[in-house]
Structures are given as C-alpha cells and as structure tokens.
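Structural overview for review
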Amino acid sequence: MEESHSGRSRLERNRQEELRKSEEQKQDSRQRESVESVASTGHRYVDEPSHREPQRTVSKQTSTRRLRTGVGAVLRSGNRLVGLTLNRMSRRRATKHRQTDEPVRSQASGDRLKKQPVPKKKRRFKRKLLGILFILLIGVILFSSQPFTFLLIGSDARPGETLRGSRSDSLSVMQFVPLSRTIQLTSIPRDTYTPIACENGKKDKITHAFAYGGEDCTSSAVGGLLEQDIDSKIVISFDSFIGLIDEIGGIDLVSTGTFSEQDASGKANQYAFQKGKEYHMDGAMALAYSRHRKTDTDVARANRQSEVIQAVATHLMKPTGWSSIPAANRYMKEEMNLDVSVRQMMAAGLSLALFSKREHFEVEGVSERMNGIFYDFPKEKELNELRAKLDTTFYGTLKND
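To continue, consider the sheet that holds strand S11 (residues 357-362). The sheet built from five strands is open, its strands ordered S6-S1-S2-S3-S11 with mixed pairing. Each having just a single partner strand, strand S6 (232-236) and S11 make up the two edges of the open sheet. Between one strand axis and the next, the sheet turns through 20° on average, direction left out of account. As defined by bridge partners, strand S3 (residues 182-188) adjoins S11 across six bridges and the pair is classed as parallel. Bridging across to S11, Ser 187 finds its partner in Glu 362. Packing against the sheet, helix H10 (residues 342-353) makes contact with strand S1 (148-155), strand S2 (168-177), S3 and S6, and its axis sits at approximately 80° to S2.

Here it is, written out as structure tokens:
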C-alpha cells in the first residue's frame, strides 16, 4: 500500500512539474509576443506581470534579465525614431510656411545681399557733401559773373622819365562779361575832345587828363565819355611794360600785321614783324609790337595791346606760369598802380578761361582844327550806339545780345 501511495505521489509531482514548465513556456511566449509588438509599433509599452513566482531557477533569472535589457534597447530606439520623425515633420511645416507666406521678402533679401547697398548714413553724407559743393559752385559763379570794366592807360613817358606830367599815349577800356562769354575792347583816340571832370568839366583832349590829375582824372573822363563805371585801372609806362614781360619770362605771340618798329630809345627799325609768324617776345620786343601806329590806326594798335595782355594772362594760366603769378601781381601793384579786387580778378579770369569772344570798338570822331589845334570830335549817333553796346543787364549779361 505504501509503495502504491509513494508511486502515486511521484506521478503527481511529475505531473505538477510538467504543468509548471508548460505554464512558464506559455508565459515566455507571451512576453516574446509583447516585445515584438512593441518593436513593430514604436510605442512605449511596459509589461509588468501580475504575479511573480516566489522561486525561480538560475536559467529563468538569466533569460528575464536578457529580456529586460532587450526591451530597454528597443524602447530607446523607438523613442529616438519618434523624436526624429517629429523633428522632421516640424521642419517641413516651417519650410512650407516660409515658402508660402514670404516669397517676396526672401527674394528681396537675396537681392540686397547681392547688391550690397551703401548704408543710409553714408548716402546721406554724400548727398549733403554734393549739395554743399553745388551751392559753393553756384556762389562762385554768381560772385564772379558780374561784368568788370578795366582801364588801360599807356603813358608816353620815355625810359627813365617819371609819370608825373606825362600824358596818356593810349587809352583802352576792356569790359569782361563772363555770362555772355564776351570781352569788349574799346579804344579811345588820345585827341578825343571831351569834358575833363577834374578840371571842372572843361573840355579838352582826353590825353591831357593824365597830365592834369593822373589815373584818377583819366578814369573819370573815360567813364563820363562812355557812361560806364570804371572798376579798376592800370598805368603802363615803357619801363613797367618791359619789366612785367621780363618778370614772367617773356610771352609767345603770333603777329597780326607786317611792319617794323623802333625800340624804346627811339632808334628806328629795330624790330620787324611778319603777319602770321609766332614770336617769343621779351619786354622790349613786346613794347615795340604793341606801340606801333604809323602804318595802321589806333584801333589796330589797341588790338595789339589787348593781344599782349591776353598773352600775359595765357602765360600765367599755364601750369608752368603759376609760379610767376605772385611776382607778377606784386610788380603790377608796385610799378603799375594796379588796384583789382578778388571778385574782379575772378571775373577777368573766368572770361579768359571761357575763351570768350573778343569784340573791338572805337570812339569814332571827326578830326577838325579849333583855335589852331586838331581835335577828334566824337560822332553823337555812333557814340550813343557804342554806349548801348557796353550796357549790361542786372543779371550781368549784355543788353544788346
């Protein structure tokens, strides 16, 4: 009986052991299925068993530890996959938003990067600087655009003689009109019969005005005759004329006539000139060229004098002649009684720089004897026409233009 009882107990134990093993196999299969389902869906899932066996074998504990380690790796990879997916989706939405809402702005920003515009502050500074320069330029033009009337008095004092008591050998009025680009030269014959202001309006030859009261008396007589204000004047004697030309190193001039002339001491035929030929003239040669009158008229002589003055100005305006300007200006002030303001110098310089057209006029008269003396009596009609030609507007242009 005991043997049968013990046999049944062994069978019972074996049966229970088999049931326990089958139960563990089922549990392991369920855990593997749950791990596979987590790996396929990418969602976090924690499987906690409802109950644990109080006792496990060493092999069961090892398999469980491996299972938990695999589950953790799968969960971590699933989390990374989900994060990458969400990040990629957010980037796509942001890119789509920029493309749909701001295409014009992105294009404009690209153009700005390509062109690289100047900052606003620099542009404003450049505009202000250009505006200031433009205003200064207009101011200089307006300042120097007013007409300027200049009287040239050529004294007949010979070399070594003083100007006191001498007479004017030649009288020329140069009017510079920059806005009309005109230089008007008016020659006045020395025997012109006109009132002399410094002699209480007494009429006489205009050449005597210099003997009566020097350049001031001559200036007032010329201004009264032409009805023009004389802005500045210069007195040229033989000595000062020669000294000025030599001071600047001579002038280059093309002769406008064919003739011969004496030198400053009166020795005849010392200089010969041929029309169209260019000469480099020193002071003595330039004086002989400008004072010749025997073979032509006072107008032709006045024209030659203006040619010499123009040649002097042209020489001083060249870069090679700039160094001579201070010495020439000082010489004319000391030796020729030059009295020219800055504005008048700018007006004359602007007219010469613009290559202004030169016009030549003359006070026309009729030569008649009175009390045994020959005088040139101005023609009233021609004199009034000449006065009208010399008249200027308020804006500084010629009225007859």
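With that settled, consider unusual backbone geometry. The residue Glu 227 is not glycine, and still its phi comes out positive at about 55°. Note on placement: Glu 227 falls in the loop between helix H5 (208-226) and S6. Even without glycine at this site, Asn 371 takes up a positive phi of about 55°. In this fold, Asn 371 is placed in the loop between strand S12 (365-370) and strand S13 (373-378).

We now examine the pairing of strand S4 (residues 193-196). Bridging between S4 and strand S5 (residues 202-205) involves four bridges; their strand directions are antiparallel. By the bridge assignment, Tyr 193 is partnered in S5 with Lys 205. Hairpin connection of S4 to S5: five residues between the antiparallel strands, including Asn 200 at a positive phi of 60°.

As a further point, take the nonpolar core. Soluble globular proteins tend to pack their nonpolar side chains together in the buried interior. Core analysis: the largest hydrophobic core is formed by 40 residues, its most contacted members being Phe 150, Ile 234, Ile 251 and Met 281. Setting aside chain neighbours within four positions, we find Ile 234 in contact with Phe 150, Leu 151, Leu 152, Ile 153, Met 332, Met 336 and Leu 338. Counting 21 residues, the second-largest nonpolar core is a separate cluster that includes Cys 217, Ile 230, Val 235 and Val 363.

Turning our eyes to something else, we now look at a positive patch on the surface. Taken together, the side chains of Arg 123, Arg 124, Arg 127 and Lys 128 make up a positively charged region of the molecular surface. Take Lys 128: it is sitting in helix H4 (residues 120-144). Given a relative accessible area of 61%, Lys 128 falls into the exposed group.

Residue pairs spaced three or four apart in an α-helix point in one direction, given the helix's 3.6 residues per turn. Counting buried positions along helix H6 (residues 238-247) yields seven of ten residues, so the element is predominantly enclosed. Buried within H6 are the following residues: Phe 238, Ser 240, Phe 241, Ile 242, Gly 243, Leu 244 and Ile 245. Phi turns positive, to about 90°, at Gly 249, one or two residues after H6.

Take the packing of H6 against helix H9 (residues 325-335) next. Running from amino to carboxyl end, H6 crosses H9 at an angle of 170°, the nearest separation of the two axes being 10 Å. With respect to H9, the element H6 is oriented roughly antiparallel. Side by side, H6 and H9 meet where Asp 239, Ser 240, Gly 243, Leu 244 and Glu 247 of the first sit next to Ala 327, Ala 328, Tyr 331, Met 332 and Glu 335 of the second. Among the residues making up the contact of H6 with H9, the classes are represented as five nonpolar, two polar and three charged.

With that out of the way, let us pick up the state of the cysteines. Going through the model one piece at a time under the given rule, you end up with one disulfide. There is a disulfide in this structure between Cys 198 and Cys 217, and the S-S distance comes to 1.7 Å. Between Cys 198 and Cys 217 the disulfide shows an S-S torsion of about -60°. By sign, it is left-handed. Here the residue Cys 198 occupies a position in the loop between S4 and S5, and Cys 217 occupies one in helix H5, the gap between them amounting to 19 residues.

Here we take up the side chain of Gln 344. With respect to the helices, strands and loops of the structure, Gln 344 is situated in helix H10. In this structure Gln 344 touches Phe 148, Asp 231, Ser 232 and Asp 339, once residues within four positions along its chain are discounted.

As a further point, take H5. If you check H5, its first and last C-alpha atoms are just 17 Å apart, much less than what 19 residues at 1.5 Å a residue would give, namely 27 Å. Along its length, H5 reaches its greatest deviation from straightness, about 130°, at Gly 214. Ala 209, Phe 210, Gly 214, Cys 217, Thr 218, Ser 219, Ala 221, Val 222, Gly 223, Leu 225 and Leu 226 are the residues of H5 that are buried. Count one or two residues on from H5 and you reach Glu 227, which has phi positive near 55°.

Calculation rules
Residues numbered from 1 in each chain as written. Predicted model: local features only at pLDDT ≥ 70, side-chain atom pairs only at ≥ 80, totals over all residues. Heavy atoms only, no water. Pairing = 2+ DSSP bridges. Helix = DSSP H or I, 4+ residues; strand = E, 2+ residues; numbered from the N terminus. Axes fitted to C-alpha atoms, helices over the stretch in contact; angles between N-to-C directions. Contact = heavy atoms within 4.5 Å. Core = buried A, V, L, I, M, F, W, Y, C linked by side-chain atoms within 4.5 Å. Buried < 20%, exposed > 50% of the residue type's maximum accessible area, 1.4 Å probe, protein only. Patch = residues over 30% accessible without salt bridge, like charges linked within 9 Å, V, L, I, M, F, W, Y side chains within 5 Å. Areas by Shrake-Rupley, 256 points an atom, 1.4 Å probe, with all protein chains shown as cover. Salt bridge = Lys/Arg side-chain N within 4 Å of Asp/Glu carboxyl O. Lys, Arg positive; Asp, Glu negative; His and termini not counted. Charge placed at Lys NZ, Arg CZ, Asp CG, Glu CD. Parallel < 35°, antiparallel > 145°, perpendicular 65-115°, else oblique. Nonpolar A, V, L, I, M, F, W, Y, C, P; charged D, E, K, R; others polar. Disulfide = S-S within 2.5 Å. Expected span 1.5 Å × (residues − 1). Bend = angle between axes of the 7 residues up to and from the residue.

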